[in-house]
Amino acid sequence: MRILLLADIHGNWPALQAIQEQYDFCLFVGDLVDYGPQPRECLHWVRRHAFFSVRGNHDHAVAQRAATNGRNGLKYLTHITRQLSSQLLNSEEIRFLAQQPVSRYVTLGDARFLLVHGTPRDPLDEYAPADAELWTRRLAGVDADFVVVGHTHLPYVLTVAGRTVINPGSVGQPRDGDPRASYAIWQDGRIELKRVAYDVEALVQQIHKSPLPEQAKRMSIEVFRTGTGNVAELIQPGR
Ligand SMILES: [Fe+2]
């Protein structure tokens, strides 16, 4: 059995389209929206192709119409692109985000998976790096062979006490210095972290066509081209 694992697509349709894999099942662990200019296309793809998916913190915030006021770096981009996400999605699409569970168990063949965007303790918001000590605590009470997470936008595989945590990295907005789309393939218990280059300039064209302020466009393009989240150090937004 071959399973495609995806996280943190963030409205980046060219990146999602670049992932051309054969698979029996696709599992998605949240953050369809914000940052990228094409959340609708991504949402409809996930609806059609993901066997199961869960809600990310950005999906939750758009669904709840949560107010933001970030002024710097990624928080600024969240603030400014959230307005765009909310404008681009219709009420039925927003309802789809709201109806995603925050975590779910899935059994495929003999393997039991837990899907959660952050961690089992805090499904939406906790950032969990590849830290064995932290994950030993977070896995207490978790009845799964594989825990699939996202949120950090940093790919890793970590085995702790016989269970394996998989973060496939971010499809649409990697932050590890490699701008290629990140994802993972699970095949009969073996896991491969993969990267694929995509047409970043097609994305740049979409960003230029969007109604985002010029400064947000510049910052977004820098993030997507460099694959780094340290945007505050690249360009300071004005007031
Ligand atoms: Fe994310």
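Remember, predicted model here, so these are calculated numbers, not experimental data.

1. Describing the overall build of the protein chain
A tally of helices and strands in the protein chain yields nine helices and ten strands. In terms of overall dimensions, the protein chain is globule-like: its C-alpha atoms have a radius of gyration of 17 Å, near the 18 Å expected for 239 residues. Overall, the C-alpha framework of the protein chain stretches about 50 × 35 × 35 Å when taken along its three principal axes. Pairs at least 24 residues apart make up 62% of the contacts formed inside the protein chain by residues separated by at least 6 positions. In the form shown here, the protein chain has an accessible surface area of approximately 10300 Å², with 46% of it arising from carbon and sulfur atoms.

2. Things to note about the coordination of the iron ion
Only Asp8 (OD), His10 (NE2), Asp31 (OD) and His153 (NE2) from the protein coordinate the iron ion, and they sit 2.1 to 2.3 Å from it. For the iron ion, the four donor atoms are set out with angles of 86 to 176° between them, so the coordination reads as irregular. The motif formed by the donor residues of the iron ion, counted along the single chain, is D-x1-H-x20-D-x121-H. Of the two residues, histidine 10 sits in the loop between strand 1 (2-6) and helix 1 (13-17) while histidine 153 sits in the loop between strand 6 (146-148) and strand 7 (156-160), which places them 143 residues apart along the sequence. Among the residues examined, histidine 10 registers a relative accessible area of 0% and is labelled buried.

3. A few points about the packing of helix 2 (residues 39-49) against helix 5 (residues 91-99)
In the contact formed by helix 2 and helix 5, the axes pass within 11 Å of each other and the chain directions differ by 55°. By the criterion of interaxial angle, the relationship of helix 2 to helix 5 is oblique. Along this stretch, helix 2 crosses helix 5, giving a crossing that reads as left-handed. Contacts between helix 2 and helix 5 involve Arg40, Leu43, His44 and Arg47 from the former and Glu92, Glu93, Phe96 and Leu97 from the latter. Its residues assigned to classes, the contact of helix 2 with helix 5 shows three nonpolar, one polar and four charged.

4. Re helix 7 (residues 200-209)
Working note: α-helix, 3.6 residues per turn, so residues spaced by three or four point in the same direction. Looking only at helix 7, the buried set comprises Val200, Leu203, Val204 and Ile207. Viewed along the axis of helix 7, the buried residues span an arc of 105°, placing them on a single side of the element. Turned more than 90 degrees off the buried face of helix 7, the exposed positions are Gln205 and Lys209. The elements touched by buried residues of helix 7 are helix 1 and helix 8 (214-226).

5. Describing the pairing of strand 4 (residues 103-108)
Bridge count for strand 4 against strand 5 (residues 111-116) is six bridges, and the pairing is antiparallel. Across the sheet, the residue bridging to tyrosine 105 is leucine 114, located in strand 5. As consecutive antiparallel partners, strand 4 and strand 5 are separated by two residues, and within that stretch glycine 109 has a phi angle of approximately 60°, a positive value.

6. Here we look at the nonpolar core
In a soluble, globular protein the nonpolar side chains are often hidden away together inside. Core analysis: the largest hydrophobic core is formed by 46 residues, its most contacted members being Leu6, Leu32, Leu77 and Leu97. Core analysis: the next-biggest nonpolar cluster, separate from the first, contains 16 residues, Leu108, Phe146, Val148 and Trp186 among them.

7. Points about the sheet that holds strand 6
Read across the open sheet, the five strands follow the order 4-5-6-8-7; overall the sheet is mixed. Sheet topology places strand 4 and strand 7 at the edges, where each strand pairs with a single neighbour. Strand-to-strand twist across the sheet, computed as the mean angle between neighbouring axes with direction ignored, equals 20°. Pairing between strand 6 and strand 8 (residues 163-167): three bridges, direction parallel. If you follow valine 147 over to strand 8, its bridge partner there is valine 165.

8. Let's talk about the packing of aromatic side chains
The tally for this structure, following the rule as stated, stands at five aromatic pairs. For the ring pair phenylalanine 25 and phenylalanine 51, a centre distance of 4.6 Å and an interplane angle of 55° mean the geometry is tilted. One end of the pair, phenylalanine 25, is in strand 2 (residues 25-28); the other, phenylalanine 51, is in the loop between helix 2 and strand 3 (52-53), with 26 residues separating them in the sequence. What makes phenylalanine 25 partly exposed here is its relative accessible area of 22%. The exposure class of phenylalanine 51 is partly exposed, given its relative accessible area of 41%.

What counts and how
- Residues numbered from 1 in each chain as written.
- Predicted model: local features only at pLDDT ≥ 70, side-chain atom pairs only at ≥ 80, totals over all residues.
- Heavy atoms only, no water.
- Helix = DSSP H or I, 4+ residues; strand = E, 2+ residues; numbered from the N terminus.
- Rg over C-alpha atoms; globule rule 2.2 N^0.38 Å.
- Contact = heavy atoms within 4.5 Å.
- Areas by Shrake-Rupley, 256 points an atom, 1.4 Å probe, with all protein chains shown as cover.
- Donors = N, O, S within 2.8 Å, 3.2 Å for Na, K, Ca; no water.
- Tetrahedral: all angles 85-135°; square planar, octahedral: opposite > 155°, others 65-115°.
- Buried < 20%, exposed > 50% of the residue type's maximum accessible area, 1.4 Å probe, protein only.
- Axes fitted to C-alpha atoms, helices over the stretch in contact; angles between N-to-C directions.
- Parallel < 35°, antiparallel > 145°, perpendicular 65-115°, else oblique.
- Left-handed = near helix turned anticlockwise from the far one by under 90°.
- Nonpolar A, V, L, I, M, F, W, Y, C, P; charged D, E, K, R; others polar.
- Arc of directions from axis to C-beta.
- Pairing = 2+ DSSP bridges.
- Core = buried A, V, L, I, M, F, W, Y, C linked by side-chain atoms within 4.5 Å.
- Phe/Tyr/Trp six-rings, centres within 6.5 Å; stacked < 30°, edge-to-face > 60°.

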